[in-house]
Amino acid sequence: KQEVTQIPAALSVPEGENLVLNCSFTDSAIYNLQWFRQDPGKGLTSLLLIQSSQREQTSGRLNASLDKSSGRSTLYIAASQPGDSATYLCAVIGNQFYFGTGTSLTVIP
Amino acid sequence: GAGVSQTPSNKVTEKGKYVELRCDPISGHTALYWYRQSLGQGPEFLIYFQGTGAADDSGLPNDRFFAVRPEGSVSTLKIQRTERGDSAVYLCASSLIAGTITAAPGEQFFGPGTRLTVL
């Protein structure tokens, strides 16, 4: 069974810092990996989707990388803002669908 | 609407009752997914539809849970004889492309969820 781990579980940074969130998975036989943000009491908002043949995807201040062979993905957030405060989840999609438990990010003004 | 919608947003029921949760996917999306999320956890996969058929229902916890998608659009998750442990947020997602053995499913878009509380 695929196991998805996100480290750290919680992160607090001052506004303007660049930061990296980590996602690791145990089975490299995946189709793609998707990063989401979740605000308290809300559903998930898709941020980036990386196909298994890709190494990275960029959208605005976000950059996600994928290293299938090592079972790792990172989400890089540049110049963090208080509005980035949320829980960030990675989802690994293979024959089934597995989510990590998320990283709770707080950006302090 | 433009996004995935779910009704009701909140449902409170008593132990032993039957509940139905509805999901309206994005128009034209082939695939539809149900997940369950407990507090402090990531979503847990329940079932996945390609069109009208359940492509993978291996995440349904037991036979009290059942889902249908009769016309390949709206889906209903049905829970019989609810238990307190069923309390969670039930999330629905849809994607334009359904996966196959050799092709990846498309980007998933989520609804706001239904918070189910079983007293």
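Anything mentioned here points back to the structure above.
A quick note: this is a predicted structure, and the numbers were derived from the prediction, not measured.

### Description of the packing of aromatic side chains
Point 1. This structure, assessed with the given rule, holds 11 aromatic pairs over all chains.
Point 2. Considering the side-chain rings of phenylalanine 97 of chain A and tyrosine 48 of chain B, the 5.2 Å spacing of their centres and the 80° angle between planes classify their relative orientation as edge-to-face. Linking phenylalanine 97 of chain A in strand β10 (residues 97–99) with tyrosine 48 of chain B in strand β5 (residues 44–50), this pair reaches from one chain into another. Each member of the pair, phenylalanine 97 of chain A together with tyrosine 48 of chain B, is buried.
Point 3. Geometrically, the ring pair formed by tyrosine 33 of chain B and tyrosine 48 of chain B is stacked, given 4.9 Å between the ring centres and 0° between the ring planes. With tyrosine 33 of chain B in strand β4 (residues 31–37) and tyrosine 48 of chain B in strand β5, the pair connects residues that are 15 residues apart, well separated along the chain. One exposure class covers both tyrosine 33 of chain B and tyrosine 48 of chain B, and it is buried.
Point 4. An aromatic cluster is present here, built from Phe36, Phe97 and Phe99 of chain A together with Tyr33, Tyr35, Phe45, Tyr48 and Phe110 of chain B joined pairwise through their rings.

### Description of the sheet that holds strand β8 (residues 72–77) of chain A
Residue and element names in this part refer to chain A.
Point 1. Across the sheet, which stays open at both edges, the 5 strands sit in the order β1-β3-β8-β7-β6 with antiparallel pairing between neighbours. Strands at the two margins of the open sheet, each flanked by one partner only, are β1 (4–7) and β6 (56–59). Going across the sheet, the axis of each strand differs from the next one's by a mean of 15°, ignoring polarity.
Point 2. In this structure, strand β3 (residues 19–25) lies alongside β8, joined through 6 bridges in antiparallel fashion. Its bridge partner being in β8, cysteine 23 is matched across the sheet by serine 73.

### Some points on the pairing of strand β3 (residues 19–24) of chain B
Residues and elements named next belong to chain B.
Point 1. Alternating residues of β3 divide into Val19, Leu21 and Cys23, all buried, and Glu20, Arg22 and Asp24, none buried.
Point 2. Looking at chain direction, strand β1 (residues 5–7) and β3 are connected through 3 bridges and run antiparallel. Residue serine 5 lies in a different strand from β3, and its bridge partner there is aspartate 24.
Point 3. Two elements, β3 and strand β8 (residues 75–79), share 5 bridges in a ladder whose sense is antiparallel.

### Re the interface of chain B and chain A
Point 1. Contacts between the two partners involve 24 residues from chain B, matched on the other side by 20 residues from chain A.
Point 2. When chain B packs against chain A, the two sides together hide about 1600 Å² of surface, and 57% of this comes from carbon and sulfur.
Point 3. Joining chain B to chain A, the criterion identifies 0 salt bridges.
Point 4. For the pair chain B and chain A, the interface holds 3 residue pairs in polar contact (both at pLDDT 80 or more).
Point 5. Only β4 and β5 of chain B provide two or more residues apiece to the side of chain B that touches chain A.
Point 6. The biggest single contributor to the side of chain B that touches chain A is β4 of chain B, with 3 residues.

### Comments concerning the nonpolar core
Point 1. Membership of the largest hydrophobic core comes to 24 residues, with the highest contact counts inside it found for Leu33, Trp35, Leu75, Ile77 and Tyr88 of chain A.
Point 2. Within the residue set of this core, elements represented by two or more residues are β3, β4 (32–38), β5 (44–51), β7 (62–67), β8, β9 (86–93) and β11 (103–108) of chain A.

### Considerations on the state of the cysteines
Point 1. A complete count under the given rule lists 2 disulfides over all chains for this structure.
Point 2. Note on cysteine connectivity: cysteine 23 of chain A is disulfide-linked to cysteine 90 of chain A, with sulfurs 2.0 Å apart. Disulfide cysteine 23 of chain A-cysteine 90 of chain A: torsion about the S-S bond near 75°, hence right-handed. Residue cysteine 23 of chain A is found in strand β3, and its partner cysteine 90 of chain A is found in strand β9; the two are separated by 67 residues along the sequence. For the residue pair cysteine 23 of chain A and cysteine 90 of chain A, the accessibility class agrees, reading buried in each case.
Point 3. A sulfur-sulfur separation of 1.8 Å characterises the disulfide bridge that pairs cysteine 23 of chain B with cysteine 92 of chain B. Between cysteine 23 of chain B and cysteine 92 of chain B, the S-S torsion sits near -65°, and that sign places the bridge as left-handed. Taken together, the residues span a long stretch of sequence, with cysteine 23 of chain B in strand β3 and cysteine 92 of chain B in strand β9 (residues 88–95) at a distance of 69 residues. Accessibility assignment for this pair places cysteine 23 of chain B and cysteine 92 of chain B in one class, buried.

Calculation rules
- Residues numbered from 1 in each chain as written.
- Chains lettered and ligands numbered in written order.
- Predicted model: local features only at pLDDT ≥ 70, side-chain atom pairs only at ≥ 80, totals over all residues.
- Heavy atoms only, no water.
- Phe/Tyr/Trp six-rings, centres within 6.5 Å; stacked < 30°, edge-to-face > 60°.
- Helix = DSSP H or I, 4+ residues; strand = E, 2+ residues; numbered from the N terminus.
- Buried < 20%, exposed > 50% of the residue type's maximum accessible area, 1.4 Å probe, protein only.
- Pairing = 2+ DSSP bridges.
- Axes fitted to C-alpha atoms, helices over the stretch in contact; angles between N-to-C directions.
- Contact = heavy atoms within 4.5 Å.
- Buried area = accessible area lost by both parts, 1.4 Å probe.
- Salt bridge = Lys/Arg side-chain N within 4 Å of Asp/Glu carboxyl O.
- Polar contact = N/O pair within 3.5 Å; in protein donor to acceptor, adjacent residues only side chain to side chain.
- Core = buried A, V, L, I, M, F, W, Y, C linked by side-chain atoms within 4.5 Å.
- Disulfide = S-S within 2.5 Å.

Read these as geometric descriptors, not functional statements.
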